[in-house]
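Residue-level structural notes
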Amino acid sequence: MSELLAERDLAGTWEYDAQLCSADGTLRRIVLRLSWADYNLWSPDGTIPPGTIAEAVLHFIAQHEAAFAGMERIDASLARRRVPGADAAIDAMIRA
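The notes below deal with the structure included here. (Residues numbered from 1 in each chain as written. Predicted model: local features only at pLDDT ≥ 70, side-chain atom pairs only at ≥ 80, totals over all residues. Heavy atoms only, no water.)

1. With respect to the pattern of salt bridges
The final tally for this structure, using the stated rule, is 7 salt bridges. A salt bridge links Asp87 to Arg80; the nearest nitrogen and oxygen atoms lie 2.9 Å apart. Across the pair Asp91 and Arg95 runs a salt bridge, and its minimum N-O distance is 3.0 Å. Of the two residues, Asp91 and Arg95 are both situated in helix H4 (residues 86-95); the distance of 4 residues between them amounts to about one turn of the helix. By sharing partners, the salt bridges in this structure join Arg8, Glu15, Asp17, Arg33 and Arg73 into a single network. (Salt bridge = Lys/Arg side-chain N within 4 Å of Asp/Glu carboxyl O. Helix = DSSP H or I, 4+ residues; strand = E, 2+ residues; numbered from the N terminus.)

Shown next, in the form of structure tokens:
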């Protein structure tokens, strides 16, 4: 389970307070950042709300929790550097 709790609009990025519930039931809070560059990758025409993209990224992180273990601040671009095929998987979640 994953959940966005709050959104902040910052210069060149959105920042979200979020929580993840791991398979063992442990609840952990993180800060997720979505840059405009990553937003434009998943929504080149700008029609998808940033929160929708952030939810998909957060869900992806929850599915691959070992790749993000111990991290309190996670940038959306980190998904592609840690998990092969992340961009396509996140895009599929957004469009589902």
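Don't stop here, the text continues.
2. Quick look at the sheet that holds strand E1 (residues 2-10)
The strand order across the open sheet built from 4 strands is E1-E2-E3-E4, with neighbouring strands paired in mixed fashion. Edge positions in the open sheet fall to E1 and strand E4 (73-75), since each of these has one partner strand only. Each adjacent strand pair in this sheet contributes to an overall mean axis angle of 25°, direction not counted. Relative to strand E2 (residues 13-21), E1 runs antiparallel, the two being bridged by 8 bridges. (Pairing = 2+ DSSP bridges. Axes fitted to C-alpha atoms, helices over the stretch in contact; angles between N-to-C directions.)

3. A closer look at H4
Here H4 has its buried residues at Ala86, Ile90 and Ile94. One face of H4 carries all of its buried residues, which in axial projection span an arc of 70°. In the core, the buried residues of H4 are packed alongside helix H1 (36-42), helix H2 (50-63) and helix H3 (78-82). (Buried < 20%, exposed > 50% of the residue type's maximum accessible area, 1.4 Å probe, protein only. Arc of directions from axis to C-beta. Contact = heavy atoms within 4.5 Å.)

This is a description of form; function is not addressed.
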